[in-house]
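Fold and geometry: a report
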Amino acid sequence: MDRTAPPARTAAADEDPRPGHPNRPGHPDGPGRPNRPGRPNAAALALLGYAAARLTGLAVLFGAATASGEDAWHRLMGRWDAVWYTRVAERGYGHEITLPDGTVHSDLAFFPLFPALERALSAVLPIGVAPAGLVVAWTASLVAAWGVYAVGAHVAGRRAGVVLAVLWGVYPTAFVQSMAYTETLFTAFAAWSLYAVLRGHWIRAGVLVVLAGLTRPSAVALIAALGVAALATVVRERRVTPGLAAGVLLAPLGWLGYVVYVAVRTGSPTAYFDVQAGWGNRIDGGAALARFVLAQLTGPQPLAGVGLLAAFAVLGWAVWLCVRQRHPLPVLVYTLAVVAVSLVGAAYFGSRPRLIMPAFPLLLPAAVALVRLRPRYAGAVLAVSALASAVYGAFTLLGPGPP
């Protein structure tokens, strides 16, 4: 197995987050030191913390829905993009809607793996396609949280990995993680592919990036991360191993394969990009975003524009901290690429926070800061964050909702 990936650049680089395999020299559970009886497994603790955060969100949502006479299940699996995925799963591609302004929304904008899993699961379980989407998303959320923990533990230690997984579950738009959307499935592939690169498993990483490329267009960030990490490894090692070459060659096949499929189906080499443009997802270098912020600043509620600027300042600070803390190269490239892809398009502004959500390493500096606090203080911060995220999620889902 090829293990020539660039090492993580922190003191916890050689820590293995897998249950039962602590190998960090000097670690309380390291070589030569038996596991302490009753010591909780860090990966299990991360999953429990994440599950508690998301269950809090669901409890608040269902409570608020009951009080207002709304159907919470319908909000989770029967609106917005979830409807398009369900339609693809049930009938295949070929549906489109023409809006009054002449804009065409085609279902070819939605990548095929999630609806394929919906269809397959509904075929083996006595449930419909829409509920199957929730099963896929919820299962993927736990796999993603485990992968988020694994990357965080590899980079900054197990405690930071646990906190990172919980922080990802209390992200402001984490309510999307409970919907029949692709964010959890994509993040699961992203986190475990990054972990595979950090451990030097290039072929495994390449296969996971292929699956990510069949899930969301933001897989280009993973393709870039794997490619840059491989190039750095080749420069440092002055050799190209078969595993590394295979991983790099595999990585773009999922995303590229779907782009080619759309081109062949429609008879136009640029069809995929035309479809995305129809949904308003063309690349404009951030011009639409700048116009939106300016409109808020000069509109009747300028404080909304000030709030947006503050949010971008926080985002920029988080990116700067990731660079300053010298996150491993593939993790850093992936994070920067996801943020860039989320900001340079002309997509509806309300979708941008959830588009950035798979960039979970942005939360790593906060996780590192929290583990330096006393456990009860860190726990209080996470609990308050979970409740705030739950309230915001219920308010959003029972209101206009996500795009």
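Residues numbered from 1 in each chain as written. Predicted model: local features only at pLDDT ≥ 70, side-chain atom pairs only at ≥ 80, totals over all residues. Heavy atoms only, no water.

Quick look at the overall build of the protein chain
Where we set the bar: Only DSSP runs of H or I reaching four residues or more are called helices, and only runs of E reaching two or more are called strands; each is numbered from the N terminus. Note on contacts: a residue pair qualifies if any of its non-hydrogen atoms lie within 4.5 Å across the two residues. Methods summary: accessible areas were calculated by the Shrake-Rupley approach with a probe of 1.4 Å, and residue burial reflects only the protein chains presented.
Per the secondary structure count, the protein chain includes 18 helices and 2 strands. A sequence separation of at least 24 residues applies to 73% of the contacts in the protein chain between residues at least 6 apart. Counting every atom, the protein chain has about 18,100 Å² of accessible surface; 68% of that belongs to carbon and sulfur.

Quick word on the environment of V323
Inclusion rule: Buried residues are those whose accessible area, probed at 1.4 Å on protein chains only, stays under 20% of the maximum for their type, while exposed residues exceed 50% and partly exposed ones sit between those limits.
Along the chain, V323 falls in helix 14 (residues 302-324). Assessed through its relative accessible area of 42%, V323 is described here as partly exposed. Along the backbone, V323 and L336 are 13 residues apart, and their C-alpha atoms lie at a distance of 9.5 Å.

A look at the nonpolar core
Here is the rule: Only buried Ala, Val, Leu, Ile, Met, Phe, Trp, Tyr and Cys residues count toward a nonpolar core, and they belong to the same one when joined by side-chain atoms within 4.5 Å.
In terms of nonpolar packing, the biggest core is built from 107 residues, with Y334, F360 and L362 touching the most fellow members. What Y334 contacts, discounting residues up to four positions off in sequence, is F186, A190, L194, A221, L222, A225, P358, A359, F360 and P361. In this structure, A42, Y149, A153 and A165 belong to the second largest nonpolar core, which totals 7 residues.

Concerning helix 14
Spelled out, the test is: Helix span, expected: 1.5 Å multiplied by one less than the number of residues in the helix.
In this model helix 14 runs 33 Å from its N-terminal to its C-terminal C-alpha over 23 residues, within 8% of the 33 Å that 1.5 Å per residue would give. Of the positions making up helix 14, those classed as buried are G305, L308, L315, A318, V319, L321 and C322. Summarising the contacts, the buried residues of helix 14 are in contact with helix 13 (287-298), helix 15 (329-343), helix 16 (352-356) and helix 17 (364-371). Backbone geometry just downstream of helix 14 places R326 in the positive-phi region, at approximately 55 degrees.

Some words on a nonpolar patch on the surface
Rules: Within the patch definition used here, like charges are joined within 9 Å and nonpolar side chains (Val, Leu, Ile, Met, Phe, Trp, Tyr) within 5 Å, considering only residues with over 30% relative accessible area and no salt bridge. In what follows, salt bridge is the name for a side-chain nitrogen of Lys or Arg lying within 4 Å of a carboxyl oxygen of Asp or Glu.
A cluster of nonpolar side chains, contributed by L297, L303, V306 and L309, occupies part of the molecular surface with about 370 Å² of accessible area. The greatest single-element share of the nonpolar patch, amounting to 3 residues, is contributed by helix 14. L303 sits in the exposed class, given a relative accessible area of 71%.

Examining empty space enclosed by the protein
For clarity, the threshold we go by: Cavity and pocket criteria rest on a 1 Å grid covering protein atoms alone: a 1.4 Å probe that fits but cannot get out defines a cavity, protein on both sides within 12 Å along at least 5 of 7 lines defines an open pocket, and an atom within 4 Å of a point defines a lining residue. Grid points are joined across faces, edges and corners, and a volume is the space filled by probe spheres set on the points.
Scanning the entire structure with this criterion turns up 2 cavities of 30 Å³ or more. Looking at the largest cavity, its volume works out to about 60 Å³. Forming the walls of the largest cavity are R54, G57, L58, L61, L76, F175, S178, S389, A390, G393, A394 and L397. When residues of the lining of the largest cavity are traced back to their parent elements, those giving at least two are helix 1 (42-68) and helix 18 (375-397). With 5 residues, helix 18 is the single largest residue contributor to the lining of the largest cavity.

Re the confidence of the model for the protein chain
Put simply, the rule reads: pLDDT is a residue-level measure of predictor confidence that goes from 0 to 100.
Of all residues in the protein chain, 89% attain a pLDDT of 70 or more, and the chain-wide mean is 87. Contacts of residues 1-38 to residues separated by more than four positions or lying in other chains number 98 contacts, the stretch itself having pLDDT below 50.

With respect to the packing of aromatic side chains
For clarity, the cut-off: Two rings belonging to Phe, Tyr or Trp (six-membered ring only in the last case) form a pair when the distance between their centres is within 6.5 Å. Interplanar angles under 30 degrees mark stacking, angles over 60 mark edge-to-face geometry, and anything in between is tilted.
As enumerated under the stated definition, the model contains 20 aromatic pairs in all. Considering the side-chain rings of Y50 and W168, the 5.7 Å spacing of their centres and the 20 degrees angle between planes classify their relative orientation as stacked. With Y50 in helix 1 and W168 in helix 6 (residues 158-169), this pair connects stretches of sequence that are 118 residues apart. According to the relative accessible area criterion, Y50 is buried, its value standing at 1%.

Here we look at the packing of helix 4 (residues 113-124) against helix 5 (residues 129-156)
Our working rule: In this analysis, axes come from line fits to C-alpha atoms, helices being fitted only over the stretch in contact, and the angle between any two N-to-C directions falls in the range 0 to 180 degrees. Roughly parallel here means an angle under 35 degrees, roughly antiparallel means over 145, roughly perpendicular means 65 to 115, and every remaining angle is called oblique. Less than a right angle of anticlockwise turn of the near helix away from the far helix marks a crossing as left-handed, whereas a clockwise turn marks it as right-handed. Polar here means any residue outside two lists: the nonpolar Ala, Val, Leu, Ile, Met, Phe, Trp, Tyr, Cys and Pro, and the charged Asp, Glu, Lys and Arg; Gly therefore counts as polar.
In the contact formed by helix 4 and helix 5, the axes pass within 8 Å of each other and the chain directions differ by 115 degrees. In terms of their interaxial angle, helix 4 and helix 5 are classed as roughly perpendicular. Crossing handedness for the pair helix 4 and helix 5: right-handed. Note on element contacts: helix 5 touches helix 4 through V129, A132, G133, V135, V136 and A137, opposite F114, L117, E118, L121 and S122. Considered class by class, the residues forming the contact of helix 4 with helix 5 number 8 nonpolar, 2 polar and 1 charged.

Considerations on the packing of helix 8 (residues 202-213) against helix 10 (residues 242-250)
Relative to each other, helix 8 and helix 10 sit at 5 degrees, their axes nearing to 7 Å. Relative to helix 10, the element helix 8 lies roughly parallel. Touching W202, I203, G206, V207 and V210 of helix 8 are G243, L244, A246, G247 and L250, all from helix 10. Considering only residue class, the contact of helix 8 with helix 10 consists of 7 nonpolar, 3 polar and no charged.

Quick notes on the side chain of S141
Structurally, S141 is set in helix 5. Discounting residues that sit within four places of it in the chain, S141 has contacts with Y50, W168, Q177 and T184.

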